Amino acid sequence: GINAEYMGIYSLFDMLRCFKASLTPLRVSRLFSTQASGTFYHKDLTITRTSTPKDFPKGELGFGAHITDHLLEVLWSEKNGWSKPQIVPTHNFGLHPFNTTIHYAFEGFEGMKAYKDAQGKIRTFRPEMNAKRLVRTSEELCFPSFDPNEFVKCLDEYLKIEERWIPESPASLYLRPTIMSMTNKLGVHPPAETMLFVCAAPSGSYFKGGVKAIRLKVETQGVRAWPGGTGFVKAGANYAIGIRYVHDALAQGYDQVLWLNGGHVTEAGAMNFYMLWKNAQGVTEVVTPILDGTILPGVTRDSVLQIVREEGKYPANEKKIHVDEIVEAGRQGRVIEFFACGTAVTVGPIASITYKGEEIKAQKPNGEYSLQLLKKLLDIQLGRTPHRFSHIVQQTLIHLIKNLSLIHI
């Protein structure tokens, strides 16, 4: 007979575990799940500080080049559930050759930033949304769920420990929450052991020497996601599968690609796509592709929508946008601005889009309204403008004294 272990056939138990995550109607309606079937708790958090703190890096920080002193870690097993969360000195992971993250891409992650405002307070930007999206990614990959509120509480404690690593603005501390399989057995099946961890790196400003508009090539062969796939969650595999097309576009002198799905625009590289245009009905609007299950529901994307709607200068709409509509609008001079948004860039202008050799230029290629949105978001993130989107990490005197004792003078 056929050996189920080597064929990777799901057992009935495995199929039932994944049944909820595989229901297509729920994928769009529950993009930010909050349900937790078992969880870890902030009250159980333990902290082990490093005995060998590193010096803060000198010179250009770059992106993702300098890891901080500590990790936040939580383990899970099918047998024992979630372990107690812990903050520990940064260390390497030893992976078994059969680890299923290596073989089958069982991994999901988030991208977040921590900032220090003018008063020295630690701030994050809508961390609850990142936590909920990480839960949804976990469910889609058949990882265990957890309470996003407990995660945010643990993350706050982690930031208190790593406070000295948060650089002055416009730089920030980039946070990378990650969940991965720790199952060491070949065969495609839901992981029996996982690890959730957070690592961090001080990172410089995205725009060195000022904001620079980018040029996009419309990708007509490859796709980053498809209906029924994992495009709506932040799975690591989503980024690897399209890298060849991005590499080709860079070699041709472009800065990124504009992804399509059935002729409809989805994302600009790894960012959400926006336009300020006069539509075919003559209405000037801000528009972004509707979440159809192939697009990541970006935290910055949602924030831009809310800010535009609150200020009321333009209507902000989500709709399917066919690339032919953009070409026609460009020829008729109806495209005012293209721009993209995401955690790394916040908001950045797009000078032009090239489709089958034809370059469609915006009226304001270097941005104007998009730069106003960038400033508004940065003011919120850095605490210059009080707003519900900004989350303040409450520090105690004890935390401040302990962190001061680690600074090398």
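See the structure above.
Residues numbered from 1 in each chain as written. Predicted model: local features only at pLDDT ≥ 70, side-chain atom pairs only at ≥ 80, totals over all residues. Heavy atoms only, no water.

1. Some words on the pattern of salt bridges
For side chains bearing opposite charge, pairing can occur when the charged atoms are close.
Here is step 1 of the chain: The final tally for this structure, using the stated rule, is 23 salt bridges.
Here is step 2 of the chain: Among the salt bridges present, the one from K43 reaches D44, with a minimum N-O distance of 3.3 Å.
Here is step 3 of the chain: The exposure class of K43 is exposed, given its relative accessible area of 67%.
Here is step 4 of the chain: Using a relative accessible area of 23% as the deciding quantity, one classes D44 as partly exposed.
Here is step 5 of the chain: K364 is the salt-bridge partner of E368, the closest N and O atoms lying 3.0 Å from each other.
Here is step 6 of the chain: Among the residues examined, E368 registers a relative accessible area of 41% and is labelled partly exposed.
Here is step 7 of the chain: Among the charged side chains, a network of salt bridges with common partners joins R136, E139 and E140. (Salt bridge = Lys/Arg side-chain N within 4 Å of Asp/Glu carboxyl O. Buried < 20%, exposed > 50% of the residue type's maximum accessible area, 1.4 Å probe, protein only.)

2. What to know about helix α6 (residues 148-161)
Here is step 1 of the chain: The terminal C-alpha atoms of α6 lie 20 Å apart, and with 14 residues this matches the ideal 20 Å at 1.5 Å per residue to within 8%.
Here is step 2 of the chain: Buried residues dominate α6, accounting for 12 of its 14 residues.
Here is step 3 of the chain: Buried within α6 are the following residues: P148, E150, F151, V152, C154, L155, D156, E157, Y158, L159, K160 and I161.
Here is step 4 of the chain: If you check the start of α6, you find a side-chain oxygen 2.8 Å away from the backbone N of N149, and it comes from D147. (Helix = DSSP H or I, 4+ residues; strand = E, 2+ residues; numbered from the N terminus. Expected span 1.5 Å × (residues − 1). Polar contact = N/O pair within 3.5 Å; in protein donor to acceptor, adjacent residues only side chain to side chain.)

3. Here we look at the packing of helix α9 (residues 299-311) against helix α11 (residues 369-381)
Here is step 1 of the chain: Here α9 crosses α11 at 105°, and the two axes come no closer than 11 Å. Taken together, the axes of α9 and α11 are roughly perpendicular relative to one another. Where α9 abuts α11, its residues T300, S303, V304, I307, V308 and E311 lie against Y369, L373, K376, L377 and I380.
Here is step 2 of the chain: In terms of residue class, the contact of α9 with α11 is built from 7 nonpolar, 2 polar and 2 charged. (Axes fitted to C-alpha atoms, helices over the stretch in contact; angles between N-to-C directions. Parallel < 35°, antiparallel > 145°, perpendicular 65-115°, else oblique. Contact = heavy atoms within 4.5 Å. Nonpolar A, V, L, I, M, F, W, Y, C, P; charged D, E, K, R; others polar.)

4. Observations concerning the nonpolar core
Here is step 1 of the chain: Judged by nonpolar contacts, the single largest core of 36 residues is most densely connected at F151, L175 and L196.
Here is step 2 of the chain: Among the elements of the structure, β2 (70-77), β6 (112-116), α5 (127-140), α6, β8 (172-181) and β9 (193-203) are those that each provide at least two residues to this core.
Here is step 3 of the chain: Counting 26 residues, the second-largest nonpolar core is a separate cluster that includes V218, A268, M275 and I326. (Core = buried A, V, L, I, M, F, W, Y, C linked by side-chain atoms within 4.5 Å.)

5. A few points about the packing of aromatic side chains
Here is step 1 of the chain: In this structure the tally under the stated criterion is 14 aromatic pairs.
Here is step 2 of the chain: For the ring pair F56 and W165, a centre distance of 5.7 Å and an interplane angle of 40° mean the geometry is tilted. Here F56, found in the loop between β1 (46-47) and β2, pairs with W165, found in the loop between α6 and β8; they are 109 residues apart in sequence, far enough to count as distant.
Here is step 3 of the chain: Here W165 falls in the buried class, since its relative accessible area comes to 1%.
Here is step 4 of the chain: Aromatic side chains F125 and F389 sit 5.8 Å apart centroid to centroid with 80° between the ring planes, which places their arrangement in the edge-to-face category. Taken together, the positions of F125 in strand β7 (residues 122-125) and F389 in the loop between α11 and β19 (390-393) put the pair 264 residues apart, joining distant regions of the chain. (Phe/Tyr/Trp six-rings, centres within 6.5 Å; stacked < 30°, edge-to-face > 60°.)

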